[in-house]
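The lines below spell out each chain.
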Amino acid sequence: MSGPSLSMLMMFATMPYLLLWANEGLHVDDENLDLLQKFTRLTKLKLIAHVQDPAIAECVSKLTDLQSLKLISIAGLVQGSRQASNLELWTLAEHHKLRDLYLLGILPNYVIDVHFLPPNLRSLTLSLSQLTCDPMPVLGKLPHLNRLRLFGDSYTGKQITCLSGGFPKLRLLNLWNLTPMFGIDK
């Protein structure tokens, strides 16, 4: 049994918020790709899926009015804990209105780059990202970032480095369950 088709969702195309939950992943074929791209006025999107389709990443990259984006890609539960799956994501550098970004899923290291992330980002949450490169030197360059939350296994390195002059507006730093991290350098 499949979930709701995108044509069924078109009545919400002018709504400012859309939540998509897809047990088997939201499959966007060529026929439905155009429909998904018509959600151009969305300001808030939450997408939860077990499998991320690259076409969804392409569509999200075109939703430049987004102010809040929450992408969750989970494979399921194993022994009571969430298991992440790969999170497909294209550059968000053209998303000048995007202020709040929440990413749960395995990310490639190239995502943590000032030329990839939204320039006016104020809040960033990463969870289960499994980044191997220290994200702090890059994230410290985001001029408007005031809330950073790195949750369970978002970074798998041994220490993080906060550079002098970085994070000019940071008000909240939440580090939780970053293993096997041993230290913070400044």
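Scroll up to find the structure.
Being a predicted model, the structure only gives us computed values, none of them experimental. (Residues numbered from 1 in each chain as written. Predicted model: local features only at pLDDT ≥ 70, side-chain atom pairs only at ≥ 80, totals over all residues. Heavy atoms only, no water.)

Here's the deal with the overall build of the protein
Part 1: When helices and strands are counted, the protein shows four helices and ten strands.
Part 2: Ordering the α and β elements of the protein from the N terminus gives α-β-α-β-α-β-β-β-β-α-β-β-β-β.
Part 3: Here the protein, with 186 residues, has 43% of them falling under the buried criterion.
Part 4: Across the protein, every contact between residues at least 6 apart in sequence was considered, and the portion connecting residues at least 24 apart equals 62%.
Part 5: Summed over all atoms, the accessible surface of the protein reaches about 9,900 Å², with 54% contributed by carbon and sulfur. (Helix = DSSP H or I, 4+ residues; strand = E, 2+ residues; numbered from the N terminus. Buried < 20%, exposed > 50% of the residue type's maximum accessible area, 1.4 Å probe, protein only. Contact = heavy atoms within 4.5 Å. Areas by Shrake-Rupley, 256 points an atom, 1.4 Å probe, with all protein chains shown as cover.)

Focus: the pattern of salt bridges
Part 1: In this structure the tally under the stated criterion is three salt bridges.
Part 2: A salt bridge links Lys62 to Glu58; the nearest nitrogen and oxygen atoms lie 3.3 Å apart. Of this pair, Lys62 and Glu58 both sit in helix α3 (residues 54-62), four residues apart, which is roughly one turn of the helix.
Part 3: A salt bridge links Asp100 to Arg147; the nearest nitrogen and oxygen atoms lie 3.9 Å apart. (Salt bridge = Lys/Arg side-chain N within 4 Å of Asp/Glu carboxyl O.)

Re the packing of aromatic side chains
Part 1: The final tally for this structure, using the stated rule, is two aromatic pairs.
Part 2: Over the aromatic face of Tyr102 sits the side chain of Lys70, whose NZ or CZ is 4.4 Å from the ring centroid. (Phe/Tyr/Trp six-rings, centres within 6.5 Å; stacked < 30°, edge-to-face > 60°. Lys NZ or Arg CZ within 6 Å of the ring centre and 35° of its normal.)

So, the nonpolar core
Taken as a class, soluble globular proteins show a tendency for nonpolar side chains to be buried jointly.
Part 1: Judged by nonpolar contacts, the single largest core of 36 residues is most densely connected at Leu69 and Leu101.
Part 2: Leu101 has contacts with Leu69, Leu92, Leu117, Pro118, Leu121, Ser123, Leu124 and Thr125, leaving out every residue within four places of it along the chain.
Part 3: Ile72, Ile74, Ala84 and Leu128 belong to the second largest nonpolar core, which has seven residues in total. (Core = buried A, V, L, I, M, F, W, Y, C linked by side-chain atoms within 4.5 Å.)

By themselves, these are just geometric observations and shouldn't be taken as functional.
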